[in-house]
Amino acid sequence: MVATATTIVVAYHGDAWIPRCVATLRSSLRGPARLMLVDNAGNTCLDSLDLDGLDYAVLRCDRPLGFAEANNFALTRIDYNTEAVCFLNQDTLSEPGWLDACTA
């Protein structure tokens, strides 16, 4: 299945926010989508997140990057068939159906 949308979340010392961000994003998705988590330093929870059933990738930066640079780091690794890209802050809480509405 090719994702029609890719959501990028940059995690920087994000243990307090990332689990809830990913959980609400996961429960909001209805259509094909991919999640790209960028480990931008200081995270210990990324490997223990419940990502079963998600099309996802965890990208690890060699060093902490600025927010825009970390998003660009992920952007260069997106499948060329992706129709839409969404950038979320690590403390974003997703409402059901929001991504489907955006891509429609």
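All values reported here derive from a predicted model rather than from experimental measurement. (Residues numbered from 1 in each chain as written. Predicted model: local features only at pLDDT ≥ 70, side-chain atom pairs only at ≥ 80, totals over all residues. Heavy atoms only, no water.)

1. Structural notes on the nonpolar core
Point 1. Formed by 19 residues in total, the largest nonpolar core has its most connected members in Ile18, Leu35 and Leu37.
Point 2. Broken down by secondary-structure element, the contributors of at least two residues to this core are strand E1 (5–11), helix H1 (18–28), strand E2 (33–39), strand E4 (84–88) and helix H3 (98–103).
Point 3. No other element matches H1, which puts four residues into this core.
Point 4. Core analysis: the next-biggest nonpolar cluster, separate from the first, contains eleven residues, Leu59, Cys61, Leu65 and Ile78 among them. (Core = buried A, V, L, I, M, F, W, Y, C linked by side-chain atoms within 4.5 Å. Buried < 20%, exposed > 50% of the residue type's maximum accessible area, 1.4 Å probe, protein only. Helix = DSSP H or I, 4+ residues; strand = E, 2+ residues; numbered from the N terminus.)

2. Structural notes on H1
Point 1. Among the residues of H1, Ile18, Cys21, Val22, Thr24, Leu25 and Ser28 are the ones counted as buried. All buried residues of H1 lie within an arc of 165° about the axis, which places them on one face of the element. Exposed residues pointing more than 90 degrees away from the buried face of H1 are listed as Arg20 and Ser27.
Point 2. Buried residues belonging to H1 abut E1, E2, E4 and H3. (Arc of directions from axis to C-beta. Contact = heavy atoms within 4.5 Å.)

Note that all results are geometric; they support no functional claim without further evidence.
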